[in-house]
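Notes for the structure review
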Amino acid sequence: MSAPRLDGYSFESPITSQGRSVTLRAKRDSDGRPVIVTMASGNAKSCESLRQQLRRERDILTEIKHPGLPTLLDYVDECPALVTEDVGGFRLSQVLAGGPLDVSDALAITIELCTIVNTLHRHDIIHGVIGAKLVEITENGGVYLHGCSAPHPSDDLRDSEEMAPEQLLDGAINRATDVFLVGSLLYRMLTNDNPFAEGSEEKAKARPRVLRRRVHLSRQFGSRALTKQLDQVLTQSLQKRNRERFADMAQLEIALSKTLRSFDTTPHTQLVRRAVARAGLGDGSNVNLLSTGLSSTPTKRWRSVAALGAGILVLGAGIATRCSPTEVIDPFRSNARGIVKRPAELRFLAQPWAEVYLDGRFIDVTPIGRTLQVAPGAHLVEFKHPHAPTQVRNIEL
């Protein structure tokens, strides 16, 4: 196969190769800007279906703006080739090469992934190919999802072990399909194994396993209660019938957030950074993040105390806060008893269609009915409305 070429770009190193396409790191010749190029492999330049796929991804990235989606820089129809920004991160497949992730880190990455996919679903877009090669995490705690134009299941882009049962049967995909794929990815992050793998069995037998085998965690994580919570979430996510799974990504995100908050209130960005550091990737500047983030100082039980903070009005937008310290037991220490603060509760009150960002992380578009739980402390809140100036406020919870 001949080396890929694209006028105006100098290729540096490959990232992934899937079926008819290849993804590479490159630099734009005009200004030296690092970019990511997804294009036809050397023997697939005449592949019209790949051209249609990349055109669709171009349209999606043009229409939808989300911090977890790559920024579109260029599209070349002749090759075809899609050019996006290079955030300098590491694909999850690279991170998992070092072994399974810490439970907190895996949950944080999955929760952030849920917010990205939920944004796609609000625009009636089903991803359909969520896998470790398409998820990127960075040293500054970012989570990104690539490949937003789902190929037809007949396209030879993935193993059958990375497909939902309905994709194997008839190719029909819906929101519950993405729930299954995210659940499968979470299982892999926790165990570094596919939920339907059976030793060294050949991949030809993956199809019947995906269609018939039930999934349960085979090892304990921290405590029995935590393991039970994880097992329940994974079992519901990986149901064979899509109507028996979580109805959408929002429900899965709520279940995962509840599980994570039950034992760790460390900010998600810090947990994602820690996953990179623990995998031995990056420049090593995150080595100080390797602790669990939970206090284990012996102390007496505190009574729960609730305090209400005043709302902050910004262009008709408000933030209602609530925070209460209480006792939390670290499940990773058998005799640990420590005091940490329960997550603060935030509720955003704003006119419709304002994008809300918390500490640089996209939360949702108003109106937001749910209450958000975050770690106590200083936070930066941004309201970005299409018909009003961006408003930024620093809050202390």
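In case you missed it, the structure is sitting above this.
Residues numbered from 1 in each chain as written. Predicted model: local features only at pLDDT ≥ 70, side-chain atom pairs only at ≥ 80, totals over all residues. Heavy atoms only, no water.

Of the regular secondary structure elements, the protein holds nine helices and 18 strands. For the protein, the residues scored as buried account for 52% of the 397 residues in total. Across the protein, contacts joining residues at least 24 apart in sequence account for 60% of those joining residues at least 6 apart. Carbon and sulfur atoms provide 48% of the accessible area of the protein, an area that totals close to 18,700 Å². (Helix = DSSP H or I, 4+ residues; strand = E, 2+ residues; numbered from the N terminus. Buried < 20%, exposed > 50% of the residue type's maximum accessible area, 1.4 Å probe, protein only. Contact = heavy atoms within 4.5 Å. Areas by Shrake-Rupley, 256 points an atom, 1.4 Å probe, with all protein chains shown as cover.)

So, on to the sheet that holds strand E18 (residues 391–396). The sheet built from four strands is open, its strands ordered E15-E14-E17-E18 with antiparallel pairing. Only two strands of the sheet have a single partner each, and these edge strands are strand E15 (361–365) and E18. Across this sheet, the average inter-strand angle for adjacent strands is 25°, counted without regard to direction. Of the pairings in the sheet, the one linking strand E14 (residues 355–358) to strand E17 (residues 378–384) comprises four bridges and is antiparallel in character. Counted as the bridge partner of leucine 358 is valine 381 from E17. (Pairing = 2+ DSSP bridges. Axes fitted to C-alpha atoms, helices over the stretch in contact; angles between N-to-C directions.)

Taken together, three strands build an open sheet; the order of strands is E6-E7-E8 and the sheet is antiparallel. Sheet topology places strand E6 (90–91) and strand E8 (143–145) at the edges, where each strand pairs with a single neighbour.

Its location among the elements puts valine 143 in strand E8. For valine 143, a relative accessible area of 9% translates into the label buried. Once the C-alpha coordinates of valine 143 and valine 272 are considered, the two residues, 129 residues apart in sequence, prove to be 7.8 Å apart. Setting aside residues no more than four positions away along its own chain, valine 143 makes contact with Gly68, Ile109, Glu112, Leu113, Ile116, Val135, Glu136, Ile137 and Val272.

If you look at the biggest cluster of nonpolar residues, it comprises 63 residues, and the most contacted ones within it are Leu92 and Leu252. Examining the composition of this core, we find that eleven residues originate from one element, helix H3 (residues 103–122), more than from any other. Formed by 13 residues, the second largest nonpolar core is a distinct cluster that contains Ala344, Ile368, Val381 and Leu397. (Core = buried A, V, L, I, M, F, W, Y, C linked by side-chain atoms within 4.5 Å.)

Once that is clear, we can look at the pattern of salt bridges. Working definition: two side chains of opposite charge can pair if their charged atoms are close together. Summed over the entire model, instances satisfying the criterion amount to 16 salt bridges. The salt bridge partner of glutamate 136 is arginine 25, with a shortest N-O separation of 3.6 Å. Here glutamate 136, found in strand E7 (residues 135–137), pairs with arginine 25, found in strand E2 (residues 21–28); they are 111 residues apart in sequence, far enough to count as distant. Just as glutamate 136 is buried, arginine 25 falls in that class too. Taking the shortest distance from any N to any O, the salt bridge between aspartate 102 and arginine 274 comes out at 3.0 Å. Placement of the pair is aspartate 102 in the loop between helix H2 (92–96) and H3 and arginine 274 in helix H9 (residues 268–278), with a sequence separation of 172 residues. What makes aspartate 102 buried here is its relative accessible area of 18%. (Salt bridge = Lys/Arg side-chain N within 4 Å of Asp/Glu carboxyl O.)

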